[in-house]
Amino acid sequence: MSEPFYITTAIHYPNGKPHIGHAYETIAADVIARFQRLMGRDVRFQTGTDEHGLKMAQKARDLGKTPRELADEMAGEFKDLFDRLDITYDRFIRTTDADHHQASRAIWEAMEAKGDLYLDRYEGWYSVRDEAYYDEKELVEGEGGEKLSPQGTPVEWTEEETWFFRLSKYAEPLLELLKKPGFLEPASRRNEMIAFVEGGLKDLSVSRTSFDWGVKVPGHDDHVMYVWVDALTNYITGVGYPDDSEMFRKYWPASLHLIGKDIVRFHTIYWPAFLMSADIPVPQQVFGHGFLLNRGVKESKSAGNVTDPNELIDLFGVDSLRYFLLAEVVFGKDGTYSAEALVNKVNAELANSFGNLAQRTLSMIHKNMDGKLEAFEPNESDKALLTTVRDACAATLPREFEALNFSVGIESWLKAVFACNAYVDEQAPWALKKSDPERMKAVLQTLFLAIRDLAIAIQPVVPTKAGVVLDQLGVTAERRTYTDLSDENWFGALVAAGHVIEKPTPAFPRLEMPEVEAA
Ligand code: ME8
């Protein structure tokens, strides 16, 4: 039986249209999901929308809509975008789903049964933008002397009767968890969380009475749960909690919660504490990726500098966007986006290097060999090239992707592409056509084998385009996993089947820079 792998993204606030940061996180999660499937794991992948809370309620009120109307409209935008981006999620969860309310009440009851919930009065600071409580000592001063959250968002003084969760009780096990290698990655995010716990944990206010857009607290209809309690619970709703189902046993604890660096506290302190309280195992890993900056400025709805990912897809295509984001940004660090950078990188690396390699090789096989493949004996330089390519595709790239070092994995792949192009220049198959036709065939077919490895390896990043190349090569859909890379009989079978290489059309055409609108 294959090993289960459960991956989740954060669930997105549908208080506006999705921006490129949302696309970035979900694409990265999809690359991981596809990679793990190709490694033979039994993957479950969940994404969705976080629809409750004051932020949603206030935004809907400003727009003259009900929160439900706003959530329906925007959840649709997120889902449509993820479908356009070829995101292979198994479930798109909405926190307004009925099974999610049931799961949220169940975890609440489990925490209550543990004696970890009590009623008291909350007095303190709250940021609606972050949906977060802050301690006085965490606040910073704005330009006009106003108090701001450490994230720079406005805070308001709040006083109301709320339920509290005994977070303070979990300081020791949380410290142990945070220090466990691999739990919180990248490691650079660990110290901040450890310092937060060591600074003293206060009990957490986990319900609200001043509005009612949320999951009702069991037995106390005048309280709704603090939005993060139900939001985090989405991860277990999606695998069948509270039922002790086969699905839950198979996929929980999650292998990986992929989230942005701004919400690490919620995922590595609050969430594990809720789970410990409810006697549910904690996730295996939380990875806090960096922010995507639009020419150096943080993309966000409130900052008004959002690039519509749909526009980027229209301009450049899905696979170009996926490739750029994964190859350009060091995963875990912040990254910068611009149309020029995207066009330049995609043209240099996909169109001119890999695309051109595949196009030239297949055209020459089509033209000079009537598209027919033959058994051949590779010489030393052919073997050396194939070893270089195989190492990159079957060893380095998978190892780096497993460790979520996407840009490093892609770099090793690209080096292998460059090695192929250098080999083409050295061997000059066009010249061999007259001087040594047998040698020309060996050269072209060596390249054919290399391109197959390269296309298989890069599938998680550019699934459609890699699929086009694999179709042109004649690699059947069920023989495209990382394990298939080491199947040495594959080429012989293709030759025996009399596969013919048709006249290829370029899988990676060059991108044009869009016209710049006058400022
Ligand atoms: O935080 N670059 O939702 P959200 C990269 N509902 N990633 C970004 C980004 C940017 N410019 N802006 C946002 C929430 N993100 C909660 C999560 S999970 C139980 C609840 C990331 O819509 C952000 O870090 O504000 C988060 O991981 C995700 O997008 C959704 O952000």
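Predicted model only: the values in this text are computed from it and were never measured. (Residues numbered from 1 in each chain as written. Predicted model: local features only at pLDDT ≥ 70, side-chain atom pairs only at ≥ 80, totals over all residues. Heavy atoms only, no water.)

A. View of the sheet that holds strand 13 (residues 220–225). Strand order in the open sheet made by the 3 strands is 11-13-12, with antiparallel pairing throughout. Single-partner strands in this sheet number two, and they are strand 11 (207–208) and strand 12 (216–217). Against the sheet, helix 4 (residues 98–113) contacts strand 11, strand 12 and strand 13, and its axis sits at roughly 100° relative to strand 13. (Pairing = 2+ DSSP bridges. Helix = DSSP H or I, 4+ residues; strand = E, 2+ residues; numbered from the N terminus. Contact = heavy atoms within 4.5 Å. Axes fitted to C-alpha atoms, helices over the stretch in contact; angles between N-to-C directions.)

B. Spotlight on the site of the ligand. Neighbouring the ligand are 24 residues, the closest being Ile 11, Glu 25, Asp 50, Gly 260 and Asp 262. Take Gly 260: an N or O atom from its main chain is 2.9 Å from an oxygen atom of the ligand. The separation between an oxygen atom of the ligand and a polar side-chain atom of Asp 262 is 2.6 Å. Elements with a minimum of two residues in the shell around the ligand: helix 1 (20–38), helix 7 (227–237) and strand 14 (256–260). By residue number, the principal contributor to the shell around the ligand is helix 7, which donates 5 residues. (Near = heavy atom within 4 Å. Polar contact = N/O pair within 3.5 Å; in protein donor to acceptor, adjacent residues only side chain to side chain.)

C. Summary view of the domain arrangement of the protein chain. According to the domain assignment, the protein chain consists of domain 1 (5–290) and domain 2 (338–496). Placing a centre on the C-alpha atoms of domain 1 and another on those of domain 2 gives a separation of 43 Å. Taken together, the contact between domain 1 and domain 2 spans 12 residues of the former and 14 residues of the latter. Counting the surface lost from both domain 1 and domain 2, the interface buries some 1,100 Å², and carbon and sulfur atoms represent 73% of this. In terms of surface lost to domain 2, no three residues of domain 1 exceed Val 31, Phe 35 and Leu 38, which account for 53% of the buried area on that side. Where domain 1 touches domain 2, the interface holds 1 salt bridge. Note that Glu 402 and Arg 41 form a salt bridge whose closest N and O atoms lie 3.3 Å from each other. (Domains from an automatic or database assignment. Buried area = accessible area lost by both parts, 1.4 Å probe. Salt bridge = Lys/Arg side-chain N within 4 Å of Asp/Glu carboxyl O.)

D. Broad picture of the sheet that holds strand 1 (residues 4–9). Here 6 strands make up an open sheet; going across it, the order is 3-2-1-14-15-9 and the pairing parallel. On the outer flanks of this sheet lie strand 3 (91–94) and strand 9 (184–185), each paired with one strand and no other. In terms of strand pairing, strand 9 meets strand 15 (residues 286–289) through 2 bridges, oriented parallel. Bridge assignment links Leu 184 to a residue of strand 15, and that residue is Val 286. Against the sheet, helix 9 (residues 264–277) engages strand 9, strand 14 and strand 15, with an angle of about 140° to strand 14.

E. Main features of helix 4. Over its 16 residues, helix 4 runs 23 Å from end to end, which matches the ideal 22 Å to within 8%, given 1.5 Å per residue. For helix 4, the full list of buried residues reads His 100, His 101, Ala 103, Ser 104, Ala 106, Ile 107, Trp 108 and Met 111. (Expected span 1.5 Å × (residues − 1). Buried < 20%, exposed > 50% of the residue type's maximum accessible area, 1.4 Å probe, protein only.)

F. Fine view of the packing of helix 12 (residues 339–368) against helix 16 (residues 437–458). At a minimum axis separation of 10 Å, helix 12 and helix 16 run at an interaxial angle of 140°. Our classification of the angle between helix 12 and helix 16 gives oblique. Every pair of crossing elements has a handedness; the one defined by helix 12 and helix 16 is left-handed. Contact residues: Phe 354, Leu 357, Ala 358, Thr 361, Leu 362, Met 364, Ile 365 and Asn 368 in helix 12; Met 440, Leu 444, Leu 447, Phe 448, Ile 451, Leu 454 and Ala 455 in helix 16. Considered class by class, the residues forming the contact of helix 12 with helix 16 number 13 nonpolar, 2 polar and no charged. (Parallel < 35°, antiparallel > 145°, perpendicular 65-115°, else oblique. Left-handed = near helix turned anticlockwise from the far one by under 90°. Nonpolar A, V, L, I, M, F, W, Y, C, P; charged D, E, K, R; others polar.)

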